[in-house]
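# Chains, contacts and geometry: an overview
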Amino acid sequence: MDVTVNGKSQRIEESCRTLADLLARPEWAGKLVIVELNGELAGREVYGETLLSEGDRVELVHFVGGG
């Protein structure tokens, strides 16, 4: 399925069905993120039940520490 993640079109495998699945991918695993799906904020409590669909737009903002 094709989705847009942070402005870049990506082809993701069919086994990546939910926001939780997307966040478990190596590039996002273990990172603290804020998720926006199609212009709406998605809370952590719904990641596992929020299904991804063809053409979805996902914005993932992660925090980086430093000084």
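Below you will find a few notes about this structure. (Residues numbered from 1 in each chain as written. Predicted model: local features only at pLDDT ≥ 70, side-chain atom pairs only at ≥ 80, totals over all residues. Heavy atoms only, no water.)

With respect to the element layout, Val58 can be found in strand E5 (residues 57-62). Each C-alpha atom, one on Val58 and one on Val5, is 4.8 Å from the other, the two residues being 53 residues apart in sequence. Every residue in contact with Val58, bar those within four places of it in the chain, is listed here: Thr4, Val5, Asn6, Leu19, Leu22, Val35, Glu36, Leu37 and Leu52. (Helix = DSSP H or I, 4+ residues; strand = E, 2+ residues; numbered from the N terminus. Contact = heavy atoms within 4.5 Å.)

Our focus in this paragraph is unusual backbone geometry. In this structure, Asn6 is a non-glycine residue whose phi angle is positive, near 50°. Here Asn6 lies in the loop between strand E1 (2-5) and strand E2 (8-11). Phi at Asn38 takes a positive value of approximately 50°, unusual for a residue other than glycine. In this structure, Asn38 sits in the loop between strand E3 (33-37) and strand E4 (40-42).

Spatial strand order, E2-E1-E5-E3-E4: five strands in an open sheet with mixed pairing. One side of each edge strand has no neighbouring strand; the edge strands of this open sheet are E2 and E4. The average angle at which neighbouring strand axes cross in this sheet is 35°, direction not considered. Here E1 runs beside E2; their pairing, made up of four bridges, is antiparallel. Residue pairing for E2: Asp2 is matched across the bridge by Arg11. (Pairing = 2+ DSSP bridges. Axes fitted to C-alpha atoms, helices over the stretch in contact; angles between N-to-C directions.)

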